[in-house]
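Structural overview for review
What follows is the residue order along each chain.
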Amino acid sequence: MAKPPLPPALATFVAASAGRDMTGAAYAVMLLGTTAMVLLTQDAAYAAAYRWIYALLWGCLAFFVAEWGGRVQAAARVHRARAYLTSGRGLVDTASALAVPVALAAGVEPRSAWLLAFTWALKVISGVPGLRRLRRVMVVEARPLLAVLVLFLLVLFLGSVAEYALEHDGQPATFGTIPSAMWWAVVTLTTTGYGDVVPITPLGRLVAAMVMISGLGVFGLWTGILATSFASETRRDNFLKTWELVGKVPFFATLGPSTLADVTQMLRSIDLPPRVTVIRKGEPGDCMYFIAAGEVEVDLPSKKIRLGEGAFFGEMALLGNNLRSANIVTTSLSKLLVLDLVDFRVLMARHPDLAQSIDTEAVRRTLENRT
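The text that follows walks through the structure, step by step, so that each part is easy to find. (Residues numbered from 1 in each chain as written. Predicted model: local features only at pLDDT ≥ 70, side-chain atom pairs only at ≥ 80, totals over all residues. Heavy atoms only, no water.)

**Remarks on the overall build of the protein**
Each helix and strand counted, the protein has 16 helices and eight strands in total. Within the protein, the fraction of its 371 residues that count as buried is 34%. In the protein, once contacts between residues fewer than 6 apart in sequence are set aside, the share between residues at least 24 apart is 70%. Just so you have it, the protein exposes about 21,100 Å², and 66% of that area is on carbon and sulfur atoms. (Helix = DSSP H or I, 4+ residues; strand = E, 2+ residues; numbered from the N terminus. Buried < 20%, exposed > 50% of the residue type's maximum accessible area, 1.4 Å probe, protein only. Contact = heavy atoms within 4.5 Å. Areas by Shrake-Rupley, 256 points an atom, 1.4 Å probe, with all protein chains shown as cover.)

**Observations regarding a nonpolar patch on the surface**
Where nonpolar side chains cluster on the molecular surface, the patch consists of Tyr27, Leu116, Phe118, Leu122, Ile125, Val128, Leu131, Leu134 and Met138 and spans about 690 Å² of accessible area. Broken down by element, the residue count for the nonpolar patch peaks at three residues, all from helix H8 (residues 129-140). Along the chain, leucine 122 falls in helix H7 (residues 119-122). Its relative accessible area of 35% is what places leucine 122 among the partly exposed residues. (Patch = residues over 30% accessible without salt bridge, like charges linked within 9 Å, V, L, I, M, F, W, Y side chains within 5 Å. Salt bridge = Lys/Arg side-chain N within 4 Å of Asp/Glu carboxyl O.)

**Some points on helix H3 (residues 43-77)**
At alanine 49, H3 shows its strongest bend, of approximately 90°. Of the residues making up H3, those classed as buried are Ile53, Tyr54, Leu57, Cys60, Leu61, Phe63, Phe64, Glu67, Gly70, Arg71 and Ala75. Looking at the residues trailing H3, positive phi occurs at histidine 79, about 60°. (Bend = angle between axes of the 7 residues up to and from the residue.)

**Observations concerning the packing of helix H2 (residues 24-40) against H3**
When two helices pack together, their arrangement is captured by the angle between the axes and the distance separating the axes. Two elements in contact, H2 and H3, have axes separated by 9 Å at closest approach and are oriented at 145°. Where H2 crosses over H3, the handedness of that crossing is left-handed. Here Ala25, Ala26, Val29, Met30, Leu32, Gly33, Ala36, Met37, Leu39 and Leu40 of H2 come into contact with H3, specifically with Ala45, Tyr46, Ile53, Tyr54, Leu56, Leu57, Cys60, Phe63, Phe64 and Glu67. When grouped by side-chain class, the residues that make up the contact of H2 with H3 number 18 nonpolar, one polar and one charged. (Axes fitted to C-alpha atoms, helices over the stretch in contact; angles between N-to-C directions. Left-handed = near helix turned anticlockwise from the far one by under 90°. Nonpolar A, V, L, I, M, F, W, Y, C, P; charged D, E, K, R; others polar.)

**Things to note about the sheet that holds strand S2 (residues 277-279)**
Taken in spatial order, the four strands line up as S2-S7-S4-S5 in an open sheet, and their pairing is antiparallel. Each of the sheet's edge strands pairs with one partner strand only, and the pair in question is S2 and strand S5 (304-307). Looking at each pair of strands side by side, their axes are set apart by 30° on average, direction ignored. In terms of strand pairing, strand S4 (residues 296-299) meets strand S7 (residues 327-330) through four bridges, oriented antiparallel. In the strand pairing of S7, aspartate 299 is matched with asparagine 327. (Pairing = 2+ DSSP bridges.)

**Description of the packing of helix H13 (residues 257-266) against helix H15 (residues 341-350)**
At their nearest, the axes of H13 and H15 sit 10 Å apart, and the two run at 175° to each other. With respect to H15, the axis of H13 lies roughly antiparallel. Only Asp343, Val346, Leu347 and Arg350 of H15 make contact with H13, whose side of the interface consists of Asp262, Val263 and Met266. Looking at the contact of H13 with H15 residue by residue, the class counts come to four nonpolar, no polar and three charged. (Parallel < 35°, antiparallel > 145°, perpendicular 65-115°, else oblique.)

**Structural notes on the nonpolar core**
Core analysis: the biggest nonpolar cluster contains 21 residues, and Phe252, Leu267, Met288, Phe290 and Leu339 have the highest contact counts within it. Mapped onto this core, the elements with two or more residues apiece are helix H12 (202-247), H13, strand S3 (287-293), strand S8 (334-340), H15 and helix H16 (352-370). Aside from chain neighbours lying at most four places away, what touches leucine 339 is Met266, Leu267, Cys287, Met288, Phe290, Phe344 and Leu347. With 19 residues, the next largest nonpolar core counts Met30, Leu57, Phe63 and Val100 among its residues. (Core = buried A, V, L, I, M, F, W, Y, C linked by side-chain atoms within 4.5 Å.)

**Here's the deal with the sheet that holds strand S1 (residues 268-272)**
Strand order across the open sheet formed by four strands is S1-S8-S3-S6, with antiparallel pairing between neighbours. With partners counted over all chains shown, the strands left at the sheet margins are S1 and strand S6 (312-313), one partner each. Where S3 meets S8, six bridges bridge the pair, whose relative direction is antiparallel. Bridge pairing in S8 links tyrosine 289 to valine 338. Here H15 sits on the sheet in contact with S3 and S8, set at roughly 70° to S8.

**Description of the packing of aromatic side chains**
Using the criterion set out here, one finds 13 aromatic pairs in the structure. Relative to phenylalanine 312, the ring of phenylalanine 290 lies with its centre 5.6 Å away and its plane at 50°, an arrangement referred to as tilted. Taken together, the residues phenylalanine 290 in strand S3 and phenylalanine 312 in strand S6 connect sequence positions 22 residues apart. Each member of the pair, phenylalanine 290 as well as phenylalanine 312, is classed as buried. Taken together, the ring pairs connect Trp58, Phe63, Phe64, Trp114 and Trp120 into an aromatic cluster. The ring of tyrosine 46 carries the charged tip of arginine 111 above its face, separated from the ring centre by 4.1 Å. (Phe/Tyr/Trp six-rings, centres within 6.5 Å; stacked < 30°, edge-to-face > 60°. Lys NZ or Arg CZ within 6 Å of the ring centre and 35° of its normal.)

**What to know about the pairing of S4**
Burial of S4 is one-sided: the residues Val296 and Val298 facing one way are buried, the residues Glu297 and Asp299 facing the other way are not. Pairing of S4 with S5, which is carried by four bridges, proceeds in the antiparallel orientation. Paired with valine 298 across the strands is isoleucine 305, a residue of S5. Hairpin geometry of S4 and S5 is characterised by an intervening segment of four residues between the two adjacent antiparallel strands.

That's the geometry; what it means functionally is another story.
Below you can see the structure in the form of structure tokens.
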């Protein structure tokens, strides 16, 4: 017997929840749930509205259990349930759904058990591109980061041993053991400087100075590795996205791979809503535009014309008179690729065939606009 179809709204929710990305509803529920968890720790709010707080928490938990169940079912349909459950995303989803009920079933005090709702906030990691990019950076730069970590631990241990040897007689309460000295070393290496443990011997202070300088160097290395790799990953992602958009523009369809790579590196993409003025007549021109998606309207003195996907505009100000000759407004949601004046000249110098094509199109458009 066939199962009755789900209502459209419910079917849409199930399909969206079973997907890989966080939905708008999931973000809202996560925000409400974590807010309720925080209120649970405030005695005044708990005393005044604990029933409402618990009701909100149980409602949020029910949502995440349903979402987890939908994803498990979707993975099982393609025989990937085990792969999903053992993946990072699957483990977070499982913890979000089961951590609190398991703690409550084990007899943990409710206000403490609901603190495990912090796992709901971990779900946003998969939905934030920057965090996914950072994860790739950590994987790609694992060896350099590990090398710096070894250096950090080496300085930490040597500094602790040196301070123990120099200070334990004078300050047995704070430097009486190497683990105690390690607390000072961590605080000093991270340049936090609580001041609760301070060397008093001249040699101890010399070692402290060397540890502080080493801390600056170690964290400078970590920062440099992460910042450089993160910027490189960002450029890579932007290049791939722009390459995909450039491939959709018919004007670039005949370009070879090397030329297309040059164009992709120089273009930047912008998304514009309808009725936004892209170009104003009389303004100096410093860039031209290619339409990857959407449509714009060119307001000429005698008529208005529309340019759609694959067309380009704004090149007239870069080829001759640098003043814009018409107002151009988007008529729908549009994605434009922008080529700045400096990059335009470099590109034209490198690829004369591309310059000839743009010149030809500009002449054709000038004659068309006069008729």
